[in-house]
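Report on the structure
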Amino acid sequence: MAHNYNLMSSLELKKIKENLLSLSKKINKKYDYQFSIGLAEGVTVTSRCGNVESIEHNQDNVLGVKVLYENRQGFAGTNNLSNESIEKTIEKAKNIATNTQPDNCNGLPDSNFVTSDNMPKLNMYYPSDIDIKEIIDITHECEKSAFEYDKRINNSEGSSFSYTNNNTLIINSNGADGMKQTTSFTLSCIVVAEDGKSKERDYEYSAARDFKKLESPEKVGTQAGQKTISRLGARTIKTRVCPVLFSPEMSVSIFSDFLSAIQGSAIYRRASFLLDKIDQPIFPDFINISEEPHLPDGIGSSPFDAEGVLTKNKSIVSDGKLKSYLLDTYSARKLGSTSTSNKSLVTNIIVDTKKEKIKNIISNMPDGIYITEMMGSGVNIITGDYSRGAFGYLIKDGEISHPVTEITVASNLKDMFKNIIGLGSDIDRRSNINIGSVLINNITIGGAN
C-alpha cells in the first residue's frame, strides 16, 4: 500500500504560524519570545534473513517556547499544537523567566536573522510517495546481495531503510521568520561472517536527501559483504609507532572532535585544548577547513540556525591556522564576539588541502596501519588526549597484509592534527563533514606486548 510521507501542507503550516503570531500578541511587550516548531514524519523498515522484522511509522510534533524578561530566560515545550496547549506553554515559559537569575548574555539575536524575504532557497526537500512493498523489496535485495557475496556470510543483523520528512519553523519578537523543509533517506546493511574460529561483522550504508541519489541496494549489500569478509582472520600485532591511515568514516569522527573543541560553550567554559588558539597554527599549512551551509543537496545544508540567524560561508581554518570558533548568540556575548550562526547546528564542513589529494593512498604507504573502526569514547576535549580501541589492517609495501584486532589508537589531538601528511581523494559525502581518508604520522598503536 502506498503512503505519502509529505508532511503538513503549506496551508496547515501557514495556519500554525498565524496562530502563533496571534497568540504572541497577547504576550506583554516587556517580554521577548521565540517560537520554534519541529515537525517530523517518516518510516523505517528492517528486514532480517529474508523476513520483515519491523515496520515503524513515526510522527513527532514539538513546539519550543523561549521567553526572556530582564535578562532572565525561561523555556517550555509541548507536542500538542492546540491553542490551549500553546497558551499554557507560553505561561510556563514566562513563569520560569520571571523566577530565574538574570544573565546579561541572555537574549535573542539582534541582527542577521532570517525573514521570509532574505532566506536562501536551498535544495533540501525531495518528498516521495514510497510504496511499503517497494521499501521491503529494497531491504530484501540489499541483504540478499550481501549473502551472495560470499558463502562465509551466514548471518545478518538486518537491512534497514529509513525515510524522514522534516519541517522547521522559527519566529521571534525581533522579527525572525523562517521555515525550512528537508528530507533524508538512508539504506544500511549489517552482516556476519564466519571462517573457522574467526567471526566478524561489518556494515555499509548510503544516505541522501533525494531517494534517487541513494546507492543501489545491490551495491550497499555487496560492499557490506566485502567489508565483513575482509575482516576474517584478524590477528594481534605488537605495539608500535607508525603512520596511520584513517578511513573516511574514521576521519569524520576525528574532525567531529575538532568541531567539539571549537564550540563556543567549550571555549567560554575554558574546557577545550583549543582555547586562545585563534590565528595559531593547529594543522599543517596546507590544510583549509570551511563551513558551506548552502551546498545543493548537502546533508548539513541549512538557511538558518536554531536561533533563526542566517547561515553563511565561513573560513574555520586557513593555511593551518584556526580562524573562527563556532558561536551562538549566548557564547558570542560571553566572548565579546558575534554569532557565527552555529546554535545547535554545524552545517557542511569541507576539509581541504592545497596539496593534490592522494589517489589509492594505501599504495603510497611503505608501511603502517589502516583504521576502519574505532570503539569507545576515550577523547578528552579539555586536554586533547586521545585513546580509542580500534580495528584495522596492517599495511606492508603499499598493500594490505592482513586485518588486525585488539589494538588501541593512542595520541593527542594536537599532535594528530599537526602530523597530518595528506588527504585522500575518497571523499565521504554521507555526513555533514566532507573528507576522505587522512594519513597521520607518528601515532602509537597499542597491541600485544
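Given the structure is predicted, the values throughout are model-derived calculations rather than measurements. (Residues numbered from 1 in each chain as written. Predicted model: local features only at pLDDT ≥ 70, side-chain atom pairs only at ≥ 80, totals over all residues. Heavy atoms only, no water.)

1. Thoughts on the overall build of the protein chain
Tallying secondary structure elements over the protein chain gives eight helices and 19 strands in all. Computed over C-alpha atoms, the radius of gyration of the protein chain comes to 24 Å, within 12% of the 22 Å expected from 2.2 N^0.38 for 449 residues, which places it in the range of a compact globule. Principal-axis analysis of the C-alpha atoms places the extent of the protein chain at approximately 70 × 60 × 35 Å. Split into buried and exposed, the 449 residues of the protein chain put 50% on the buried side. Across the protein chain, contacts joining residues at least 24 apart in sequence account for 72% of those joining residues at least 6 apart. The positive charge centre, built from 51 side chains, and the negative charge centre, built from 55, are 5 Å apart in the protein chain. (Helix = DSSP H or I, 4+ residues; strand = E, 2+ residues; numbered from the N terminus. Rg over C-alpha atoms; globule rule 2.2 N^0.38 Å. Buried < 20%, exposed > 50% of the residue type's maximum accessible area, 1.4 Å probe, protein only. Contact = heavy atoms within 4.5 Å. Lys, Arg positive; Asp, Glu negative; His and termini not counted. Charge placed at Lys NZ, Arg CZ, Asp CG, Glu CD.)

2. Examining unusual backbone geometry
Positive phi outside glycine occurs at Ser 341, with the angle close to 60 degrees. Relative to the assigned elements, Ser 341 resides in the loop between helix H7 (329–334) and strand S13 (349–353). If you check the backbone angles, Asp 397 has positive phi at about 55 degrees while not being a glycine. By secondary structure assignment, the location of Asp 397 is in the loop between strand S15 (385–396) and strand S16 (399–412).

3. Let's talk about the packing of aromatic side chains
The way to describe two aromatic rings as a pair is by their centre distance and the angle between their planes. Summed over the entire model, instances satisfying the criterion amount to 15 aromatic pairs. Here Tyr 203 and Tyr 205 contribute two aromatic rings whose centre-to-centre distance is 6.4 Å and whose plane-to-plane angle is 20 degrees, an arrangement assigned as stacked. A residue is classified by how much of its surface remains accessible, and Tyr 203, at 33% relative accessible area, is partly exposed. With a centroid separation of 5.8 Å and 85 degrees between ring planes, the pair formed by Phe 391 and Tyr 393 is classed as edge-to-face. Taken together, the ring pairs connect Phe 255, Phe 258, Phe 273, Phe 283 and Phe 417 into an aromatic cluster. Over the aromatic face of Phe 286 sits the side chain of Lys 355, whose NZ or CZ is 4.2 Å from the ring centroid. (Phe/Tyr/Trp six-rings, centres within 6.5 Å; stacked < 30°, edge-to-face > 60°. Lys NZ or Arg CZ within 6 Å of the ring centre and 35° of its normal.)

4. Describing the pattern of salt bridges
This model, assessed by the stated rule, comprises 26 salt bridges. With its nearest N and O atoms 3.7 Å apart, the salt bridge here joins Asp 328 to Lys 343. Placement of Asp 328 in the loop between strand S12 (321–322) and H7 and of Lys 343 in the loop between H7 and S13 is noted, with a sequence separation of 15 residues between them. Judged by relative accessible area, which is 26%, Lys 343 ranks as partly exposed. (Salt bridge = Lys/Arg side-chain N within 4 Å of Asp/Glu carboxyl O.)

5. What about helix H4 (residues 217–230)?
An ideal rise of 1.5 Å per residue puts 20 Å on 14 residues; H4 measures up with 20 Å between its terminal C-alpha atoms. Within H4, burial applies to Pro 217, Val 220, Gly 221, Ala 224, Gly 225, Thr 228 and Ile 229. All buried residues of H4 fall inside an arc of 160 degrees around its axis, so they share one side. Summarising the contacts, the buried residues of H4 are in contact with helix H3 (132–149), strand S6 (153–172), strand S7 (177–195) and strand S8 (198–208). (Expected span 1.5 Å × (residues − 1). Arc of directions from axis to C-beta.)

6. A short note on the sheet that holds S8
Spatial ordering of the open sheet is given by S4-S3-S2-S6-S7-S8, a layout of six strands whose pairing is antiparallel. Strand pairing shows two members of the sheet lacking a second neighbour, strand S4 (72–78) and S8, which therefore form its edges. Looking at each pair of strands side by side, their axes are set apart by 20 degrees on average, direction ignored. In this sheet, S7 lies alongside S6 in antiparallel orientation, the contact comprising 17 bridges. Looking at the pairing, Asn 167 lines up with Gln 181 of S7. Across the sheet, helix H2 (residues 83–97) touches strand S2 (32–48), strand S3 (51–69) and S4, and the angle it forms with S4 is around 155 degrees. Seen against the sheet, H3 touches S2, S3, S6 and S7 and runs at an angle of roughly 140 degrees to S6. (Pairing = 2+ DSSP bridges. Axes fitted to C-alpha atoms, helices over the stretch in contact; angles between N-to-C directions.)

7. Focus on the packing of H3 against H4
Two elements in contact, H3 and H4, have axes whose closest approach is 7 Å; the angle formed by their N-to-C orientations is 35 degrees. Crossing of H3 against H4: the hand is right-handed. Facing H3, whose interface residues are Ile 138, Glu 141, Cys 142, Ser 145, Ala 146 and Tyr 149, H4 presents Pro 217, Glu 218, Val 220, Gly 221, Thr 222, Gly 225, Gln 226 and Ile 229. Of the residues that constitute the contact of H3 with H4, the class distribution is seven nonpolar, five polar and two charged. (Left-handed = near helix turned anticlockwise from the far one by under 90°. Nonpolar A, V, L, I, M, F, W, Y, C, P; charged D, E, K, R; others polar.)

8. Considerations on the confidence of the model for the protein chain
Model confidence for the protein chain is summarised by a mean pLDDT of 94, while 97% of its residues fall at 70 or above. Below pLDDT 50 for its whole length, residues 1–5 participates in 17 contacts with residues either more than four positions away or in separate chains. (pLDDT = per-residue confidence, 0-100.)

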